Amino acid sequence: MGEMSPAQAESMYFNNYPPPKALQKHESLARAFIDYHVEANRRLVLVTSGGTTVPLENQTVRFIDNFSAGTRGATSAEYFLQAGYAVIFLHRQFSLLPYSRHYSHSTNCFLDFMDEATCSSSAGGEGPNHGPIVVRDEYQDEMRDVLRQYRYAKKNNLLLLLPFTTVSEYLFELRSLAQLMRPLGPNALFYLAAAVSDFFIPRDRMVEHKIQSSEIPDSVRQQQQQQGQEDAIDPADVYTGENEAQPPTNSKKLIIDLDPVPKFLHRLVDGWAPDGSMIVSFKLETDPGILVYKARTALQRYSHHLVIGNLLSTRKWEVVFVTPDPPHERWIRVPKSKRSKSISGVEDQVGLAEHSRQLAAGGGGDQANESRPLAADESELSRNGIEIESLIIPELIKMHSQMIKART
Ligand code: 9Z3
(Lines give C-alpha, C1' and ligand atoms only; values in the text may rest on other atoms or scores of the structure.)
Protein backbone atom coordinates (compact mmCIF):
# COMPACT_ATOMS: atom_id res chain seq x y z
CA MET A 1 0.00 0.00 0.00
CA GLY A 2 1.36 3.40 -0.97
CA GLU A 3 1.69 6.49 1.20
CA MET A 4 -1.54 8.28 1.98
CA SER A 5 -1.94 11.79 0.65
CA PRO A 6 -2.50 14.51 3.25
CA ALA A 7 -6.13 14.73 2.14
CA GLN A 8 -6.61 10.99 2.58
CA ALA A 9 -4.93 11.08 5.98
CA GLU A 10 -7.28 13.91 6.89
CA SER A 11 -10.46 12.06 6.07
CA MET A 12 -9.11 8.90 7.75
CA TYR A 13 -8.60 10.90 10.91
CA PHE A 14 -11.72 13.01 10.99
CA ASN A 15 -14.01 10.15 9.95
CA ASN A 16 -12.64 7.92 12.68
CA TYR A 17 -12.86 10.24 15.64
CA PRO A 18 -15.91 11.74 17.25
CA PRO A 19 -16.00 15.54 17.07
CA PRO A 20 -15.69 17.35 20.40
CA LYS A 21 -18.97 17.89 22.21
CA ALA A 22 -18.60 21.66 22.13
CA LEU A 23 -17.76 21.86 18.43
CA GLN A 24 -21.18 22.90 17.16
CA LYS A 25 -21.55 25.55 19.81
CA HIS A 26 -18.04 26.85 19.08
CA GLU A 27 -18.78 26.89 15.36
CA SER A 28 -21.84 29.02 15.74
CA LEU A 29 -20.05 31.44 18.06
CA ALA A 30 -17.16 31.64 15.61
CA ARG A 31 -19.42 32.07 12.60
CA ALA A 32 -21.14 35.09 14.16
CA PHE A 33 -17.81 36.54 15.31
CA ILE A 34 -16.18 36.13 11.90
CA ASP A 35 -19.21 37.54 10.01
CA TYR A 36 -19.14 40.57 12.25
CA HIS A 37 -15.49 41.29 11.46
CA VAL A 38 -15.77 40.48 7.77
CA GLU A 39 -18.48 43.10 7.67
CA ALA A 40 -16.13 45.61 9.30
CA ASN A 41 -13.29 44.57 6.95
CA ARG A 42 -11.19 44.01 10.05
CA ARG A 43 -8.18 41.73 10.21
CA LEU A 44 -8.66 38.63 12.32
CA VAL A 45 -6.05 36.35 13.85
CA LEU A 46 -6.58 32.83 15.11
CA VAL A 47 -4.18 32.41 18.03
CA THR A 48 -3.72 28.85 19.30
CA SER A 49 -2.31 28.51 22.77
CA GLY A 50 -1.35 26.02 25.47
CA GLY A 51 -0.64 22.30 25.42
CA THR A 52 -2.81 19.46 24.17
CA THR A 53 -3.44 16.30 26.18
CA VAL A 54 -3.19 12.71 24.96
CA PRO A 55 -5.63 10.50 26.88
CA LEU A 56 -4.54 6.95 27.76
CA GLU A 57 -8.08 5.70 28.36
CA ASN A 58 -11.43 6.47 26.79
CA GLN A 59 -12.87 7.21 30.19
CA THR A 60 -9.83 9.27 30.92
CA VAL A 61 -8.12 9.00 34.25
CA ARG A 62 -4.60 9.44 32.94
CA PHE A 63 -3.21 11.47 30.10
CA ILE A 64 0.07 12.77 28.69
CA ASP A 65 0.52 16.52 28.77
CA ASN A 66 3.26 19.07 28.14
CA PHE A 67 4.77 22.11 29.80
CA SER A 68 2.99 24.90 27.96
CA ALA A 69 1.17 27.38 30.19
CA GLY A 70 -0.06 29.46 27.27
CA THR A 71 2.03 32.53 28.05
CA ARG A 72 3.10 33.05 24.45
CA GLY A 73 -0.42 32.78 23.10
CA ALA A 74 -2.14 34.89 25.77
CA THR A 75 0.49 37.63 25.61
CA SER A 76 0.51 37.68 21.82
CA ALA A 77 -3.27 37.97 21.71
CA GLU A 78 -3.06 41.18 23.75
CA TYR A 79 -0.61 42.76 21.31
CA PHE A 80 -2.77 41.75 18.34
CA LEU A 81 -5.79 43.35 20.00
CA GLN A 82 -3.77 46.46 20.74
CA ALA A 83 -2.96 46.66 17.02
CA GLY A 84 -6.62 46.48 16.05
CA TYR A 85 -6.96 42.80 15.14
CA ALA A 86 -9.93 40.73 16.20
CA VAL A 87 -8.72 37.57 17.96
CA ILE A 88 -10.07 34.05 18.17
CA PHE A 89 -8.20 32.55 21.08
CA LEU A 90 -8.23 28.77 20.74
CA HIS A 91 -6.68 27.66 23.99
CA ARG A 92 -6.17 24.76 26.32
CA GLN A 93 -8.85 24.96 28.96
CA PHE A 94 -7.54 26.59 32.16
CA SER A 95 -4.33 27.83 30.55
CA LEU A 96 -3.49 31.53 30.63
CA LEU A 97 -5.92 33.98 29.02
CA PRO A 98 -5.32 37.45 27.57
CA TYR A 99 -5.62 40.15 30.27
CA SER A 100 -6.62 37.89 33.14
CA ARG A 101 -3.16 36.26 32.84
CA HIS A 102 -1.78 39.26 34.74
CA TYR A 103 -3.75 38.22 37.80
CA SER A 104 -4.13 34.47 37.66
CA HIS A 105 -2.66 31.18 38.79
CA SER A 106 -0.27 31.13 41.71
CA THR A 107 2.44 33.37 40.22
CA ASN A 108 0.05 36.34 40.01
CA CYS A 109 -2.70 35.35 42.36
CA PHE A 110 -5.39 38.03 42.15
CA LEU A 111 -5.88 38.03 45.91
CA ASP A 112 -2.39 39.42 46.36
CA PHE A 113 -3.40 42.52 44.45
CA MET A 114 -6.34 43.30 46.70
CA ASP A 115 -6.97 44.81 50.05
CA GLU A 116 -9.76 45.80 52.36
CA ALA A 117 -10.12 49.54 52.50
CA THR A 118 -10.16 50.96 55.97
CA CYS A 119 -13.62 52.33 56.18
CA SER A 120 -14.59 55.13 58.52
CA SER A 121 -18.15 54.81 59.74
CA SER A 122 -18.83 58.38 58.60
CA ALA A 123 -18.40 57.24 55.01
CA GLY A 124 -21.84 55.73 55.34
CA GLY A 125 -20.62 52.22 54.59
CA GLU A 126 -21.45 49.03 56.34
CA GLY A 127 -19.37 49.77 59.38
CA PRO A 128 -15.71 49.31 60.22
CA ASN A 129 -15.69 45.57 59.53
CA HIS A 130 -17.16 45.86 56.07
CA GLY A 131 -14.92 48.21 54.14
CA PRO A 132 -14.99 47.85 50.34
CA ILE A 133 -12.47 45.60 48.64
CA VAL A 134 -9.95 47.64 46.68
CA VAL A 135 -6.88 47.19 44.53
CA ARG A 136 -3.71 47.96 46.45
CA ASP A 137 -2.26 51.37 45.77
CA GLU A 138 0.89 50.13 44.07
CA TYR A 139 -1.10 48.18 41.47
CA GLN A 140 -3.73 50.81 40.63
CA ASP A 141 -2.13 52.15 37.47
CA GLU A 142 -1.20 48.81 35.99
CA MET A 143 -4.53 47.22 36.77
CA ARG A 144 -6.52 50.17 35.44
CA ASP A 145 -4.60 49.86 32.20
CA VAL A 146 -5.24 46.12 31.90
CA LEU A 147 -8.87 46.54 32.88
CA ARG A 148 -9.45 49.22 30.25
CA GLN A 149 -7.92 47.12 27.51
CA TYR A 150 -9.95 44.11 28.58
CA ARG A 151 -13.19 46.05 28.66
CA TYR A 152 -12.46 47.66 25.32
CA ALA A 153 -11.94 44.25 23.71
CA LYS A 154 -15.10 42.91 25.29
CA LYS A 155 -17.29 45.90 24.50
CA ASN A 156 -16.22 45.85 20.86
CA ASN A 157 -16.59 42.11 20.45
CA LEU A 158 -12.91 41.74 19.53
CA LEU A 159 -12.02 38.61 21.48
CA LEU A 160 -13.54 35.14 21.25
CA LEU A 161 -12.28 32.52 23.73
CA LEU A 162 -12.65 28.87 22.71
CA PRO A 163 -11.23 26.07 24.89
CA PHE A 164 -9.95 22.59 24.01
CA THR A 165 -8.30 19.84 26.04
CA THR A 166 -7.18 16.86 23.94
CA VAL A 167 -5.15 16.86 20.76
CA SER A 168 -8.15 15.49 18.91
CA GLU A 169 -10.36 18.36 20.11
CA TYR A 170 -7.65 20.78 19.03
CA LEU A 171 -7.50 19.32 15.51
CA PHE A 172 -11.27 19.39 15.02
CA GLU A 173 -11.52 22.96 16.29
CA LEU A 174 -8.62 24.14 14.13
CA ARG A 175 -10.11 22.63 11.00
CA SER A 176 -13.56 24.09 11.60
CA LEU A 177 -12.27 27.54 12.46
CA ALA A 178 -9.98 27.70 9.45
CA GLN A 179 -12.85 26.75 7.16
CA LEU A 180 -15.16 29.27 8.77
CA MET A 181 -12.50 31.94 8.30
CA ARG A 182 -12.54 31.60 4.52
CA PRO A 183 -14.63 34.76 3.94
CA LEU A 184 -11.83 36.76 5.54
CA GLY A 185 -9.43 36.02 2.68
CA PRO A 186 -6.09 37.82 3.13
CA ASN A 187 -7.37 39.53 6.29
CA ALA A 188 -6.99 36.20 8.07
CA LEU A 189 -3.87 35.35 10.03
CA PHE A 190 -3.01 32.05 11.72
CA TYR A 191 -0.66 32.17 14.69
CA LEU A 192 -0.11 28.61 15.83
CA ALA A 193 1.56 28.89 19.23
CA ALA A 194 -0.12 25.91 20.88
CA ALA A 195 2.22 23.09 21.86
CA VAL A 196 0.57 20.25 19.96
CA SER A 197 1.35 16.64 20.87
CA ASP A 198 3.30 14.76 18.24
CA PHE A 199 2.21 11.32 19.49
CA PHE A 200 -1.09 9.82 20.55
CA ILE A 201 -2.91 6.52 21.04
CA PRO A 202 -5.15 5.83 18.07
CA ARG A 203 -8.76 5.01 18.82
CA ASP A 204 -8.55 1.33 17.91
CA ARG A 205 -5.87 0.76 20.54
CA MET A 206 -7.42 2.88 23.26
CA VAL A 207 -8.91 1.00 26.21
CA GLU A 208 -12.27 2.01 27.61
CA HIS A 209 -11.51 1.81 31.31
CA LYS A 210 -8.79 2.87 33.66
CA ILE A 211 -5.53 1.03 33.08
CA GLN A 212 -4.94 -1.46 35.88
CA SER A 213 -1.66 -1.69 37.73
CA SER A 214 -2.33 -5.23 38.93
CA GLU A 215 -4.10 -8.32 37.66
CA ILE A 216 -7.86 -8.54 38.21
CA PRO A 217 -8.45 -11.73 40.29
CA ASP A 218 -10.19 -14.59 38.50
CA SER A 219 -12.98 -14.60 41.06
CA VAL A 220 -13.89 -11.00 40.25
CA ARG A 221 -13.73 -11.70 36.57
CA GLN A 222 -16.04 -14.74 36.92
CA GLN A 223 -18.46 -12.69 38.93
CA GLN A 224 -18.50 -10.06 36.20
CA GLN A 225 -19.12 -12.72 33.59
CA GLN A 226 -21.99 -14.19 35.56
CA GLN A 227 -23.54 -10.75 35.76
CA GLY A 228 -23.22 -10.41 32.03
CA GLN A 229 -20.58 -7.71 32.37
CA GLU A 230 -17.77 -9.60 30.80
CA ASP A 231 -17.18 -6.68 28.50
CA ALA A 232 -16.40 -4.52 31.47
CA ILE A 233 -13.02 -6.17 31.99
CA ASP A 234 -12.11 -8.22 29.02
CA PRO A 235 -8.55 -9.31 29.81
CA ALA A 236 -7.55 -8.08 26.39
CA ASP A 237 -8.66 -4.65 27.47
CA VAL A 238 -6.59 -4.60 30.60
CA TYR A 239 -3.73 -2.58 29.34
CA THR A 240 -1.03 -3.38 31.81
CA GLY A 241 1.99 -3.51 29.56
CA GLU A 242 4.35 -6.45 29.60
CA ASN A 243 4.96 -8.96 32.31
CA GLU A 244 8.60 -9.31 33.02
CA ALA A 245 9.65 -12.90 33.55
CA GLN A 246 12.91 -11.81 35.14
CA PRO A 247 13.26 -10.59 37.82
CA PRO A 248 10.02 -11.71 39.45
CA THR A 249 7.99 -8.82 40.71
CA ASN A 250 4.44 -8.12 41.80
CA SER A 251 4.06 -4.79 40.11
CA LYS A 252 3.57 -4.34 36.41
CA LYS A 253 5.29 -2.25 33.84
CA LEU A 254 3.19 -0.03 31.69
CA ILE A 255 4.41 0.25 28.13
CA ILE A 256 2.69 2.94 26.12
CA ASP A 257 2.77 2.54 22.38
CA LEU A 258 2.11 5.83 20.60
CA ASP A 259 1.45 6.64 16.96
CA PRO A 260 2.42 9.90 15.29
CA VAL A 261 -0.36 12.49 15.20
CA PRO A 262 -1.26 13.10 11.54
CA LYS A 263 0.40 16.25 10.21
CA PHE A 264 -2.34 18.83 9.89
CA LEU A 265 -0.30 21.81 8.71
CA HIS A 266 -0.35 20.58 5.11
CA ARG A 267 -4.10 20.55 5.07
CA LEU A 268 -4.35 23.89 6.80
CA VAL A 269 -2.06 25.50 4.25
CA ASP A 270 -3.56 24.09 1.09
CA GLY A 271 -7.01 23.09 2.15
CA TRP A 272 -8.73 24.67 5.09
CA ALA A 273 -7.28 28.17 5.36
CA PRO A 274 -8.61 31.09 3.30
CA ASP A 275 -6.84 31.88 0.03
CA GLY A 276 -4.30 34.60 0.54
CA SER A 277 -4.25 34.26 4.33
CA MET A 278 -1.01 34.29 6.27
CA ILE A 279 0.07 31.25 8.26
CA VAL A 280 2.65 31.37 11.02
CA SER A 281 3.72 28.25 12.91
CA PHE A 282 6.08 27.83 15.83
CA LYS A 283 8.89 25.35 16.19
CA LEU A 284 10.02 24.41 19.65
CA GLU A 285 13.33 22.70 20.36
CA THR A 286 15.61 22.19 23.33
CA ASP A 287 18.83 21.55 21.38
CA PRO A 288 20.29 24.85 20.09
CA GLY A 289 22.18 22.95 17.40
CA ILE A 290 19.07 21.91 15.48
CA LEU A 291 16.55 24.71 16.01
CA VAL A 292 17.11 26.65 12.79
CA TYR A 293 17.43 23.49 10.75
CA LYS A 294 14.12 22.16 12.07
CA ALA A 295 12.36 25.48 11.54
CA ARG A 296 13.62 25.66 7.96
CA THR A 297 12.58 22.07 7.29
CA ALA A 298 9.06 22.81 8.53
CA LEU A 299 8.85 25.87 6.30
CA GLN A 300 9.95 23.87 3.26
CA ARG A 301 7.66 20.96 4.04
CA TYR A 302 4.48 22.99 4.42
CA SER A 303 5.41 26.01 2.28
CA HIS A 304 3.62 28.51 4.46
CA HIS A 305 4.89 31.98 5.30
CA LEU A 306 6.82 32.01 8.54
CA VAL A 307 8.16 29.65 11.15
CA ILE A 308 9.06 31.21 14.47
CA GLY A 309 11.71 29.07 16.13
CA ASN A 310 12.26 29.10 19.85
CA LEU A 311 14.22 27.19 22.48
CA LEU A 312 12.51 26.06 25.64
CA SER A 313 15.18 27.67 27.80
CA THR A 314 15.35 31.07 26.08
CA ARG A 315 11.86 31.46 24.63
CA LYS A 316 11.04 34.57 26.67
CA TRP A 317 14.10 36.44 25.38
CA GLU A 318 14.81 35.34 21.81
CA VAL A 319 13.08 33.82 18.80
CA VAL A 320 14.15 33.35 15.20
CA PHE A 321 11.98 34.26 12.21
CA VAL A 322 12.57 31.78 9.40
CA THR A 323 11.10 32.91 6.07
CA PRO A 324 11.21 31.75 2.44
CA ASP A 325 12.55 35.15 1.34
CA PRO A 326 15.72 36.93 2.44
CA PRO A 327 16.97 37.42 5.08
CA HIS A 328 15.71 33.82 5.63
CA GLU A 329 16.77 33.86 9.25
CA ARG A 330 16.28 36.80 11.57
CA TRP A 331 16.73 36.82 15.31
CA ILE A 332 14.54 38.91 17.53
CA ARG A 333 15.88 39.52 21.01
CA VAL A 334 14.86 41.40 24.08
CA PRO A 335 17.83 43.65 24.89
CA LYS A 336 19.75 42.47 27.91
CA SER A 337 18.70 45.36 30.10
CA LYS A 338 15.04 44.73 29.33
CA ARG A 339 14.90 41.04 30.15
CA SER A 340 12.61 40.13 32.97
CA LYS A 341 13.68 37.31 35.23
CA SER A 342 12.34 33.90 34.42
CA ILE A 343 12.56 30.94 36.72
CA SER A 344 12.56 28.34 33.98
CA GLY A 345 14.77 30.28 31.57
CA VAL A 346 18.53 29.89 31.17
CA GLU A 347 19.90 33.25 30.13
CA ASP A 348 23.35 31.83 29.39
CA GLN A 349 21.84 30.05 26.42
CA VAL A 350 20.68 33.19 24.63
CA GLY A 351 22.58 33.34 21.34
CA LEU A 352 23.60 29.68 21.37
CA ALA A 353 21.29 28.53 18.60
CA GLU A 354 22.41 31.34 16.32
CA HIS A 355 26.03 30.77 17.17
CA SER A 356 25.87 27.03 16.54
CA ARG A 357 24.55 27.77 13.05
CA GLN A 358 27.44 30.05 12.30
CA LEU A 359 29.91 27.46 13.46
CA ALA A 360 28.28 24.84 11.26
CA ALA A 361 28.40 27.24 8.32
CA GLY A 362 32.10 27.76 8.95
CA GLY A 363 31.72 31.46 9.65
CA GLY A 364 32.84 33.11 12.86
CA GLY A 365 30.02 35.57 13.24
CA ASP A 366 29.39 37.70 16.28
CA GLN A 367 30.25 36.14 19.53
CA ALA A 368 26.95 35.37 21.12
CA ASN A 369 28.09 37.05 24.25
CA GLU A 370 24.81 37.48 25.99
CA SER A 371 25.48 35.72 29.19
CA ARG A 372 25.40 37.63 32.47
CA PRO A 373 22.16 39.05 33.76
CA LEU A 374 22.30 42.61 35.02
CA ALA A 375 23.10 43.11 38.63
CA ALA A 376 19.86 44.90 39.27
CA ASP A 377 17.43 43.73 41.84
CA GLU A 378 14.63 41.49 40.77
CA SER A 379 11.82 43.98 41.14
CA GLU A 380 13.61 46.51 39.01
CA LEU A 381 14.18 43.93 36.30
CA SER A 382 10.60 42.89 36.23
CA ARG A 383 9.47 46.53 36.25
CA ASN A 384 11.67 47.46 33.33
CA GLY A 385 11.39 44.16 31.53
CA ILE A 386 9.57 43.96 28.23
CA GLU A 387 7.74 41.02 26.76
CA ILE A 388 9.23 39.56 23.61
CA GLU A 389 5.74 39.43 22.10
CA SER A 390 5.82 43.24 22.04
CA LEU A 391 8.60 42.85 19.46
CA ILE A 392 7.25 39.80 17.64
CA ILE A 393 3.73 41.01 16.91
CA PRO A 394 4.60 44.36 15.22
CA GLU A 395 7.08 42.54 12.96
CA LEU A 396 4.45 40.01 12.04
CA ILE A 397 1.89 42.67 11.34
CA LYS A 398 4.32 44.36 8.95
CA MET A 399 4.64 41.11 7.05
CA HIS A 400 0.88 40.58 7.06
CA SER A 401 0.36 44.12 5.72
CA GLN A 402 2.80 43.47 2.90
CA MET A 403 0.99 40.27 1.99
CA ILE A 404 -2.36 42.02 1.97
CA LYS A 405 -0.95 44.85 -0.13
CA ALA A 406 0.53 42.43 -2.65
CA ARG A 407 -2.91 40.91 -3.09
CA THR A 408 -4.84 44.08 -3.75
C1 9Z3 B 1 5.77 27.21 20.68
O2 9Z3 B 1 6.86 26.99 20.25
C3 9Z3 B 1 5.47 28.23 21.77
O4 9Z3 B 1 6.27 29.35 21.61
C5 9Z3 B 1 5.68 27.63 23.19
C6 9Z3 B 1 5.23 28.71 24.19
C7 9Z3 B 1 4.84 26.40 23.36
C8 9Z3 B 1 7.16 27.33 23.42
P9 9Z3 B 1 4.48 28.92 26.71
O10 9Z3 B 1 3.08 28.39 26.52
O11 9Z3 B 1 5.38 28.29 25.53
O12 9Z3 B 1 4.54 30.42 26.56
O13 9Z3 B 1 5.10 28.45 27.99
N14 9Z3 B 1 4.67 26.53 20.18
C15 9Z3 B 1 4.69 25.56 19.14
C16 9Z3 B 1 5.22 24.23 19.57
C17 9Z3 B 1 4.83 23.13 18.61
O18 9Z3 B 1 4.28 22.17 19.06
N19 9Z3 B 1 5.09 23.25 17.30
C20 9Z3 B 1 4.91 22.16 16.38
C21 9Z3 B 1 6.24 21.48 16.19
O22 9Z3 B 1 7.26 21.97 16.74
C23 9Z3 B 1 4.50 22.65 15.02
S24 9Z3 B 1 2.89 23.28 14.95
O25 9Z3 B 1 6.29 20.44 15.53
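Right above here is the structure, for reference.
The structure displayed is predicted, hence computed values, not measured ones.

(A) A look at empty space enclosed by the protein. Following the criterion strictly, the structure yields one cavity of 30 Å³ or more and no others. Considered as a void within the structure, the largest cavity measures approximately 80 Å³ in volume. As for the largest cavity, its lining consists of P6, A9, E10, Y13, F14, L171, P262, K263, F264, R267 and W272. For the lining of the largest cavity, the secondary structure elements donating two or more residues are α1 (6-16) and α7 (265-272). Per-element accounting of the lining of the largest cavity gives the leading share, five residues, to α1. Among the residues forming the lining of the largest cavity, the class breakdown is eight nonpolar, no polar and three charged.

(B) Representation of the packing of aromatic side chains in the model. Per the counting criterion, the structure on display carries 15 aromatic pairs. Note on Y13 and Y17: the rings are 4.5 Å apart at their centroids and 20° apart in plane angle, and the pair reads as stacked. Cluster of aromatic residues (ring-pair linked, three or more members): Y13, F14, Y17, F172, F200 and W272.

(C) Focus on the layout of surface pockets. In this structure, the second largest pocket spans a volume of roughly 580 Å³. Together, 22 residues line the second largest pocket, and P55, N58, T166, S168 and E169 are the ones closest to its centre. At the level of elements, β2 (54-55) and α5 (167-180) are the ones that each hand at least two residues to the lining of the second largest pocket. Among the elements that make up the lining of the second largest pocket, the one with the highest residue count is α5 (three residues).

(D) Region of the structure containing the site of the ligand. Around the ligand sit 15 residues, and of these S68, G70, R72, N310 and R315 come closest. With respect to the ligand, the backbone of V196 contributes an N or O atom lying 3.3 Å from an oxygen atom. R315 has a polar side-chain atom sitting 2.9 Å from an oxygen atom of the ligand. The fraction of the free accessible surface of the ligand (600 Å²) that becomes covered by protein chains is 91%. Contributing elements (two or more residues each) for the shell around the ligand: α3 (71-82) and β11 (278-285). Sorting elements by how many residues they give to the shell around the ligand places β11 first, with three residues. Considered class by class, the residues forming the shell around the ligand number eight nonpolar, four polar and three charged.

(E) Broad picture of the environment of S342. Considering the arrangement of structural elements, one finds S342 in the loop between β14 (329-333) and α9 (352-360). Sequence spacing of S342 and W317 is 25 residues, and the spatial spacing of their C-alpha atoms is 9.6 Å. When neighbours within four sequence positions are excluded, S342 is seen to be in contact with K316 and W317.

Rules used throughout
Residues numbered from 1 in each chain as written. Predicted model: local features only at pLDDT ≥ 70, side-chain atom pairs only at ≥ 80, totals over all residues. Heavy atoms only, no water. 1 Å grid on protein atoms, 1.4 Å probe; cavity = no way out; pocket = protein on both sides within 12 Å on 5 of 7 lines; lining within 4 Å. Points joined across faces, edges and corners; volume = space filled by probe spheres on them. Helix = DSSP H or I, 4+ residues; strand = E, 2+ residues; numbered from the N terminus. Nonpolar A, V, L, I, M, F, W, Y, C, P; charged D, E, K, R; others polar. Phe/Tyr/Trp six-rings, centres within 6.5 Å; stacked < 30°, edge-to-face > 60°. Near = heavy atom within 4 Å. Polar contact = N/O pair within 3.5 Å; in protein donor to acceptor, adjacent residues only side chain to side chain. Areas by Shrake-Rupley, 256 points an atom, 1.4 Å probe, with all protein chains shown as cover. Contact = heavy atoms within 4.5 Å.

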